[in-house]
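# Observations on the model geometry
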Amino acid sequence: MRQSQALMLLGIIAHNGIVTAGSLPRGVGPEFVKFYEIKDTFTCIGHPSITIPASKVNDNSCDCPDGSDEPGTAACAILDRLSPEQPLPGSLSGTTNTTNALPGFWCENKGHVGNYVPFLYVNDGVCDYDLCCDGSEEYGKVGGVKCANKCAEIGKEWRRVEKERKDNLERANKRRRTMVKESKEFRRRVEVKITSLNEEISELEVKQAELKAKLDEAERQERFKVVKDEGPGKLGVLAGLAKNRVNELRDTLSNVMGDRNQLKDRVLELEGILAAFKEEYNPNFNDEGVKKAVRAFEDYAAKKDPSQGHLNEIEVHEIMKEDSEEFGVNWKEFEDDEATDTDILYSFEAYLPGPLRDFLHSKINLLRIWLIENGMLADAGSGKSESRLVKAAREAHDTVANDVNSKRRALEEQQRDLEKDYGKDDIFRYLKGKCITTEVGEYEYELCWLDKTSQKSKKGGGKTTMGNFNRFDWDEADEEERHDGKGLGRGKRMVMRYENGQGCWNGPNRKTDVWLACAETEELWRVSELEKCVYKMEVGTPAVCEEAVEPGHVKDEL
């Protein structure tokens, strides 16, 4: 455990970093060099009104309220906004609860990457190679600790890992470009589908209007009939009753044949048992019951005539076939035709020459309409049945109307899909409908893009829905970088909110936050339960490789 010993190192003063001519104070980072140009006095960075002698820089005493006079010691490590209020004798601010003007002790790390080390780590007797590979933060050799410069080997390994990371990132970005191309093609197909549906709907609406006009005309013709048959005649009624009776008899025959086949199978089974018994029993065993049974079976077998009770299976199956136009009785022949005797009798226009018939037809129709509308002629269209001509016209119109409604629903669905948020460049169109899985403990977890998350026990059973996709969001990740690159790291990350899953026992509905990070392929890295029924999935995908940082956000660097 680290211990702050900087304030106790009273002997480490002039030879450990006091400003001298031609030198730069120890621990000064490149962006602060301009404040430490060699001169007789030093002006506190955060308090320009305060000036101190240059000899007081890095003298292990906190003279500036913002600690800027001690870039190379731990003297001002106690200055922190998170520090509790406490007096600081000799300080102009009068308290340690303030912000240090400097980010830390600067390690140049030649051969690697320069970095700031917290002031608390300076001369604490611990080599912080992960931050300061050149060991310069332990210049005081407290406790005899001497930190060798390892920047050469650490920098070499870091460059290897960094190159691998950049190569992986380039491959991921290359795959993302392919995904964007595919997503644009998917979007184009939706747009083409919308255009096609609009054209089809327009054509169908024209056809629907034409069929509606024909239906109206057919209904008008139906209403204009002076005499209208009241329904099927006696022959039609008789044909209907006969058809029903034949169907009942056919069903009964089918049931009888089924029972007969079952009984036949049982008889054959019993005959087999008795035949085996006859062959295998011991005739020397003096059992009159057994002998009597054997003799009875022999008599039964002798009397059996294979030709008796034989049914022609083919004929029976032919009888049980359904009637149709090609087989059996064609019941349609007995149905009423579209034109009845009364239709022909009272359609007297049919007896007239063509030109005269057309002229009289229009005039008579107008006369009938006028008579019906003025209550002088009964409206025959209110009857219980309508002619086959009207039925056919209505069916044709309804078919097209249903087709129009179906096309409109499909159009609305495609338009909603076009307006839906699929992320930048519509990238998630490519992933829509695809799923990835991973196993954690006794469960298998599944993420289906833009659909749902679920878990399933390895011991069996159904899937439990952990959430249904709701929206895209952003949130701040704060995790250490992983050596394998399979982690969220630090910074703003895209989060997919999956909500309203199955309810927990005595708890809320399950929900899942799916955190996304850049990776070469889609991979479900980790699943954790943050609290009861609230899950977190960490997922890698090329879809966010160029979205890992929002515009204006500075990515953390070494």
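Above this text you will find the structure in question.
Below or above, wherever it landed, is the structure these notes cover. (Residues numbered from 1 in each chain as written. Predicted model: local features only at pLDDT ≥ 70, side-chain atom pairs only at ≥ 80, totals over all residues. Heavy atoms only, no water.)

### Side note on the overall build of the chain
Quick reminder of the rule: In this description a helix means any DSSP run of H or I spanning at least four residues, a strand means any run of E spanning at least two, and both kinds are numbered starting from the N terminus. Under the scheme applied here, a residue whose accessible area is under 20% of the maximum for its type counts as buried, over 50% as exposed, and between as partly exposed, the area being computed with a 1.4 Å probe on protein chains only. Any two residues whose heavy atoms approach within 4.5 Å at even a single point are treated as in contact. Accessibility throughout is a Shrake-Rupley quantity obtained with a 1.4 Å probe, and a residue counts as covered only by protein chains that appear here.
What the chain contains, in helices and strands, is seven helices and twelve strands. Here the chain, with 558 residues, has 33% of them falling under the buried criterion. A separation threshold of at least 6 residues defines the contact pool for the chain, and within that pool the share at least 24 residues apart is 51%. For the chain, the accessible area works out to roughly 35000 Å², and carbon and sulfur atoms hold 53% of it.

### Concerning the state of the cysteines
To be explicit about the condition: Any pair of cysteine sulfurs within 2.5 Å is marked as a disulfide.
All told, the structure shown has eight disulfides when counted by the stated rule. One disulfide bridge connects Cys-127 with Cys-147, the sulfur atoms lying 2.0 Å from each other. Taking the sign of the S-S torsion, about -95° here, the bridge from Cys-127 to Cys-147 comes out left-handed. Within this pair, whereas Cys-127 is found in the loop between strand 4 (115-117) and helix 1 (151-223), its partner Cys-147 is found in the loop between strand 4 and helix 1, the two being separated by 20 residues in sequence. The class for Cys-147 is buried, based on a relative accessible area of 10%.

### Some remarks on the sheet that holds strand 6 (residues 443-448)
The cut-off we apply is this: Should DSSP find at least two bridges between two strands, the strands are regarded as paired. Axis lines are fitted to C-alpha atoms, over the contacting stretch for helices. Their N-to-C directions set the angle, which ranges from 0 to 180 degrees.
As summarised here, the arrangement of the eight strands in space is 5-6-7-8-9-10-12-11, forming an open sheet in which the pairing is mixed. For this open sheet the edge positions go to strand 5 (435-440) and strand 11 (523-531), each flanked by a neighbour on one side alone. Strand after strand, the sheet turns through a mean of 30° between neighbouring axes, direction not considered. Pairing analysis gives ten bridges linking strand 8 (residues 464-478) to strand 9 (residues 490-499), with the strands arranged antiparallel. The residue of strand 9 that forms the bridge with Asp-475 is Arg-493.

### Observations concerning the environment of Glu-481
Secondary-structure assignment places Glu-481 in the loop between strand 8 and strand 9. What makes Glu-481 exposed here is its relative accessible area of 60%.

### Details of empty space enclosed by the protein
This is how the line gets drawn: Lining residues are defined by having an atom within 4 Å of a point belonging to a cavity or pocket. Those points lie on a 1 Å grid over the protein atoms alone, cavities being sets where a 1.4 Å probe fits but cannot get out and pockets being open sets with protein on both sides within 12 Å along at least five of seven lines. Grid points are joined across faces, edges and corners, and a volume is the space filled by probe spheres set on the points. Residues are grouped as follows: Ala, Val, Leu, Ile, Met, Phe, Trp, Tyr, Cys and Pro are nonpolar; Asp, Glu, Lys and Arg are charged; all remaining types, including Gly, are polar.
What the rule picks out here adds up to two cavities of 30 Å³ or more. Each pocket or cavity is described by its volume, and for the largest cavity that value is around 60 Å³. As for the largest cavity, its lining consists of eleven residues, and the residues nearest its centre are Tyr-36, Glu-37, Thr-41, Phe-42 and Ala-54. Grouping the constituent residues of the lining of the largest cavity by class yields eight nonpolar, one polar and two charged.

### Considering helix 7 (residues 388-419)
Keep this limit in mind: An expected span of 1.5 Å times one less than the residue number is assigned to each helix.
In this model helix 7 runs 46 Å from its N-terminal to its C-terminal C-alpha over 32 residues, within 8% of the 46 Å that 1.5 Å per residue would give. Among all positions in helix 7, only Val-390, Ala-393, His-397, Val-400, Ala-401, Val-404, Leu-411 and Asp-417 are buried.

### Observations regarding the nonpolar core
The tendency in soluble globular proteins is for nonpolar side chains to be buried side by side. Using the following cut-off: By nonpolar core is meant a set of buried Ala, Val, Leu, Ile, Met, Phe, Trp, Tyr and Cys residues that side-chain atoms within 4.5 Å join together.
Phe-428, Trp-449, Met-496, Leu-516, Met-537 and Val-539 are the most contacted members of the largest nonpolar core, which has 27 residues in total. Sorting the residues of this core by element identifies helix 1, strand 6, strand 8, strand 9, strand 10 (511-518), strand 11 and strand 12 (534-541) as the ones contributing at least two each. Setting aside chain neighbours within four positions, we find Met-537 in contact with Tyr-445, Glu-446, Leu-447, Thr-453, Met-466, Thr-512, Asp-513, Val-514, Trp-515, Leu-524, Arg-526 and Val-527. The next biggest cluster of nonpolar side chains, apart from the first, holds 20 residues, and it includes Ile-50, Cys-107, Tyr-116 and Val-117.

### Topic: the side chain of His-397
Here His-397 is to be found in helix 7. According to the relative accessible area criterion, His-397 is buried, its value standing at 11%. Every residue in contact with His-397, bar those within four places of it in the chain, is listed here: Gln-208, Leu-211, Lys-212 and Leu-215.

### Details of unusual backbone geometry
Positive phi, normally seen in glycine, also occurs at Leu-450, with a value near 60°. With respect to the helices and strands, Leu-450 occurs in the loop between strand 6 and strand 7 (452-457). For Leu-450, a relative accessible area of 10% translates into the label buried. At Asn-500, a residue that is not glycine, the phi angle is positive and equals roughly 55°. Along the chain, Asn-500 falls in the loop between strand 9 and strand 10.

### Section: the side chain of Arg-429
As for its placement among the helices and strands, Arg-429 is situated in the loop between helix 7 and strand 5. If sequence neighbours within four positions are ignored, Arg-429 has contacts with Ser-183, Phe-186, Arg-187, Val-190, Asp-417, Leu-418 and Tyr-422.

### Points about the packing of aromatic side chains
Note on aromatic pairs: each is described by the distance of the centres and the angle between the planes. The cut-off we apply is this: We call Phe, Tyr and Trp rings a pair once their centres come within 6.5 Å, taking the six-membered ring for Trp, and we label the pair stacked below 30 degrees between planes, edge-to-face above 60, and tilted otherwise.
Inspection of the entire model under this criterion finds nine aromatic pairs. Relative to Phe-35, the ring of Phe-32 has its centre 6.4 Å away and its plane inclined at 40°; by these criteria the two rings are tilted. Residue class for Phe-35 comes out partly exposed when judged on its relative accessible area of 30%. Relative to Tyr-139, the ring of Phe-105 lies with its centre 6.4 Å away and its plane at 25°, an arrangement referred to as stacked. In this pair, Phe-105 is assigned in strand 3 (residues 105-107) and Tyr-139 in the loop between strand 4 and helix 1, connecting sequence segments 34 residues apart. Its relative accessible area of 1% is what places Phe-105 among the buried residues.

### Some points on the pattern of salt bridges
To be explicit about the condition: Any carboxyl oxygen of Asp or Glu that lies within 4 Å of a side-chain nitrogen of Lys or Arg is treated as forming a salt bridge with it.
Across all of its chains, the model carries 31 salt bridges by this definition. Note that Arg-160 and Glu-164 form a salt bridge whose closest N and O atoms lie 3.4 Å from each other. A residue pair is termed a helical-turn pair when its members lie 3 or 4 positions apart in one helix, as Arg-160 and Glu-164 do in helix 1 at four residues. Judged by relative accessible area, which is 45%, Arg-160 ranks as partly exposed. Salt bridges sharing common partners tie together Arg-187, Glu-191, Asp-417, Asp-426, Arg-429 and Lys-432.

Don't take any of this as a statement about function, it's just geometry.
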